[in-house]
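Architecture and fold: a report
Single-letter residue listing:
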Amino acid sequence: MEVLRSNLGRVRIPEPTTRIYKHECCISFDTPKSEGGLFVDMNAFLAFGKDYVGWNYEKTGNPVYLHIKQTKKTEDAEDRPSKKPTLLAIGIDGGFDNSEPQYEEAYEIVILPDYVTLPFPSVELPEKVRLAVDAVLLAEGAERKEQLASWTADKKLVSKYATDLLQLDNGVVVPPVGWKCAKCDKTENLWLNLTDGTILCGRKNWDGTGGNDHAVNHYRETGYPLAVKLGTITADLEGADVFSYPEDESVVDPLLAQHLAHFGIDFSSLQKTEMTTAERELDQNINFDWNRIQETGEDVEPLFGPGYTGLVNLGNSCYLAATMQVVFSMRSFCLKYYSDQSLKAAFSMAPADPTVDLNMQLTKLAHGLLSGKYSAPVLEKQEGIRPRMFKSVIAASHPEFSTMRQQDALEFFLHFIDQVERMNSGKPDFDPSRSFKFGIEERLQCPSGKVAYNRRNDYILSLNIPLEKAINKKELAEFQNLKSKKAAEGKELSADEIVRPRVSLKDCLDCFSAPEEVHEFYSTALKARTTAIKTAGLTSFPDYLVLHMRKFVMEEGWVPKKLDVYIDVPETIDVSGMRSNGIQPGEELLPDSDAGDGEQSTKLLANEDIVAQLVSMGFNLLHCQKAAINTSNSGVEAAMNWLLEHMNDSDIDAPISQNVQNPDIDQSKIDTLLSLGFEEKLACRALKASGGDVERATEWIFSNPSASAASDMDAATSGGAAVDPLLPDGGGRYRLLGFVSHIGTSTQCGHYVAHIHKDGRWVIFNDEKVGVSKNPPLDMGYLYFFERLES
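To keep things clear, this report deals only with the structure shown in the data block. (Residues numbered from 1 in each chain as written. Predicted model: local features only at pLDDT ≥ 70, side-chain atom pairs only at ≥ 80, totals over all residues. Heavy atoms only, no water.)

One open sheet holds the five strands; their spatial order is β7-β6-β8-β9-β10, and the pairing between them is antiparallel. Strands with a single pairing partner mark the edges of an open sheet, and in this sheet they are β7 (199–201) and β10 (249–251). Shown here is a sheet whose adjacent strand axes are inclined to one another by a mean of 40°, direction ignored. When strand β8 (residues 226–229) meets strand β9 (residues 242–244), the two strands line up antiparallel, connected through three bridges. When the bridges of β9 are listed, L226 appears paired with S244. Packing of helix α5 (residues 214–222) onto the sheet brings it into contact with β6 (190–193) and β7, and relative to β7 it is tilted by some 120°. (Pairing = 2+ DSSP bridges. Helix = DSSP H or I, 4+ residues; strand = E, 2+ residues; numbered from the N terminus. Axes fitted to C-alpha atoms, helices over the stretch in contact; angles between N-to-C directions. Contact = heavy atoms within 4.5 Å.)

Below is the structure:
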């Protein structure tokens, strides 16, 4: 007891706002359930596993710890009937059940360095220690607080159109039964427009089922904003599915009872007869795609050991789990954060709070996944690890990943790589993200015969899917005939009757390099707008080539849609023919534009392809258009970065003005970039693409080393294909290392699963479940990761 009294000065009583970690070690995945329990530093309120608490004492000198040990209760697990999920999420209320056994907790005070132990609770302990420990035990853990806060943003919001909703006095009275679409024969998936009382069918689903889009088309024609799904209205109104077309999401209508009464609807006796939008999405996804991608029904042999550790779903975090499993199957990341960096080295370099240090949390994740420490057979069930701290630190600067909503795995991968590159800025030889980086060169030829070259660097090769080149056209034609016949009979297709287009990966790669017309191209040779021909190629071949299949496209009216298509992907590819060699003998470059050229003041329009990709990720259309314009249509990544930086701007929702693309640039900022050795036109373009911020403009220039000085691609006149010496390069032969598949109709919902080729076999990583893949769905990938084969 005396040794405790002599160290009372190192004990703090936490304030209500103090972040207290007590569920997981900050430098490993040890928990109170681990063999050695968890030690909470009673000064810093960080938690450490038994093997690591000594490191903290060496670094900080903090001697007093609360030791928490959990042991499983001996009673048998409850034989509860599984509840049908209502959310496409895992491990949360309403989602797929992740039932866990119950545990008992025991506590004691431990004083380092001699590990003197004192019982708790005990009246003999100093009052300050008792108060401090009580505060720790009563407090909500920081890990749990972050998760709860993240879910707050996911609740349905009250529609801004509900309070002052216009309702027409047109005498419409809606009967309690016998509903039918006013424009077709559909009697299911019907929506009542709350302005004029029209009953119309909903959107058509990806497989041809559902409605005929009459409800959404009615909104486009009339602008009437709110509709409620008939069949989801019940006496308490809580389950009613109200959709706001202008807000493009399900919403809460606090005046729904009043709005229904306007059309003579007595909801007090109504019972639910239809699924809500979320439930229908769930029901569709649990069918064909869900089963095949997850290999449901297969007798999957579980795998354990180093490199076979699962990641527990934190609630819609499968996009992170699938992506990081593939990333840590790559040599560059395994070397950087596992083989070449110990946990102790990362901890010694970390700041006072290692939970906010990306290097520490990446090292922790690498050791958790690759060491095998957390992948031992427990009743033949993989328990996995929870990447809570990694998710918190990687998402800290991102408004979407910091929520518990489902996200796009592509967007997360790009954000992750960007953060790793920033962390290793100035140390390219130690930057593992460099192994993904490659150069893209676009060649433009105008009718004058002269050419321009535009170069940029990227981490992913995004490929369009040419459905017109489907290799199973005969089967598709037969399917369309069957579909028409079934529709005429009022029947719906079963899952095993659906035929999907099948396109070869080679045709997708050929699409990237194929000649493409660029309209409204300003030719400095002709001094006029014209149509140019653009081709593209790669200036270098990275260690790892990531292919993104553009399965999410925009339909008319900017409605995102997922292409229901198979991609024939071989396990080895050769992209040597895609190498671009820059200006060729006999080619003449387009001249630089004149400073006084009137065309330079022409309004820059948003590139539709960039906007479509951003909108398909869930961003607002207007915001996406502004992002494309303000980054001079330089690419999706630049536009996304601008968007994330400016989402909270006061004028982000203001209409696009004529001068958005040419904001006034402070001459002093131009002079600052000139003093760094950059040309004036390049400085102006960088400042425009960075919203006038000098630091970000400098980063933009370095990340776009071949960017021209023009305001858009019109005057990209760089001359050759000199390869950036900092980019990895080699032959064009690659082997498929892994792929991430998506189940669902939108990147904002559904589920992600990874398949990785390890130790001569395919392995499925489905959150915490890891096993031998018997039938890897190679044709259903969303992101494909290829490893370069050395000659």
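Moving on to the packing of helix α18 (residues 621–630) against helix α19 (residues 636–646). To characterise two packed helices, one gives the angle between the axes of the helices and the distance between these axes. Between α18 and α19, whose axes approach to 8 Å, the crossing angle comes to 120°. As summarised for this structure, α18 and α19 are arranged oblique, according to the angle between their axes. In the packing of α18 onto α19, the handedness of the crossing is right-handed. Where α18 approaches α19, its residues H623, C624, K626, A627, A628 and N630 are matched on the opposing element by A639, W642 and L643. By residue class, the composition of the contact of α18 with α19 is six nonpolar, two polar and one charged. (Parallel < 35°, antiparallel > 145°, perpendicular 65-115°, else oblique. Left-handed = near helix turned anticlockwise from the far one by under 90°. Nonpolar A, V, L, I, M, F, W, Y, C, P; charged D, E, K, R; others polar.)

Here the focus is the pattern of salt bridges. One pass over the structure, following the stated rule, counts 24 salt bridges. Note that K183 and E221 form a salt bridge whose closest N and O atoms lie 3.7 Å from each other. Remark: E221 occurs in helix α5 and K183 occurs in the loop between α4 (142–152) and β6; sequence separation between them is 38 residues. Residues R579 and D729 are paired through a salt bridge, measuring 3.0 Å at the closest nitrogen-oxygen approach. Of this pair, R579 sits in the loop between β21 (572–574) and α17 (608–616) while D729 is found in the loop between α22 (694–703) and β22 (733–743), placing the two residues 150 residues apart along the sequence. The partly exposed category is assigned to R579, whose relative accessible area is 28%. On the basis of relative accessible area, D729 is assigned to the partly exposed category, the value being 33%. A single network of salt bridges, built from pairs that share partners, joins E442, R456, E516 and K534. (Salt bridge = Lys/Arg side-chain N within 4 Å of Asp/Glu carboxyl O. Buried < 20%, exposed > 50% of the residue type's maximum accessible area, 1.4 Å probe, protein only.)

Strand order across the open sheet formed by four strands is β12-β11-β16-β15, with antiparallel pairing between neighbours. Taken across any chain shown, the strands that pair with only one partner, and hence form the sheet edges, are β12 (451–458) and β15 (516–523). When the angles between neighbouring strand axes are averaged without regard to direction, this sheet yields 35°. Alignment of β15 against strand β16 (residues 528–538), held across six bridges, turns out to be antiparallel. The partner of Y522 across the bridge, within β16, is R529. Lying on the sheet, helix α16 (residues 505–513) is in contact with β11 (438–445) and β16; it crosses β16 at an angle near 135°.

With that settled, the discussion passes to the nonpolar core. Note that soluble globular proteins tend to have their nonpolar side chains buried in a common cluster. Counting 71 residues, the largest nonpolar core has M324, F328, F390, F416, F436 and L614 as the members making the most contacts within it. Contacts of L614, omitting those with residues within four sequence positions, involve F619, C624, A627, V636, A639 and M640. The next biggest cluster of nonpolar side chains, apart from the first, holds 39 residues, and it includes F45, A47, Y65 and L112. (Core = buried A, V, L, I, M, F, W, Y, C linked by side-chain atoms within 4.5 Å.)

Bringing the packing of aromatic side chains into the picture now. Under the criterion given, the structure shown has 19 aromatic pairs. Consider the rings of F29 and Y374, whose centres lie 5.9 Å apart with planes at 80°: the pair is edge-to-face. Within this pair, whereas F29 is found in the loop between α1 (2–5) and β1 (38–41), its partner Y374 is found in the loop between α12 (358–370) and α13 (388–395), the two being separated by 345 residues in sequence. No difference in accessibility class separates F29 from Y374, as the two residues are buried. Here Y319 and F412 contribute two aromatic rings whose centre-to-centre distance is 5.5 Å and whose plane-to-plane angle is 75°, an arrangement assigned as edge-to-face. Within this pair, whereas Y319 is found in helix α9 (residues 318–327), its partner F412 is found in helix α14 (residues 409–423), the two being separated by 93 residues in sequence. The class of Y319 is buried, set by a relative accessible area of 1%. Feature note: the residues Y319, F328, F333, Y337, F390, F412, F413, F416, F436, Y544 and F785 constitute an aromatic cluster, connected by ring pairs. Note that K33 overlies the ring of Y103, its terminal NZ or CZ placed 4.8 Å from the centroid. (Phe/Tyr/Trp six-rings, centres within 6.5 Å; stacked < 30°, edge-to-face > 60°. Lys NZ or Arg CZ within 6 Å of the ring centre and 35° of its normal.)

Interpretation note: all reported values are geometric properties and have no functional meaning in isolation.
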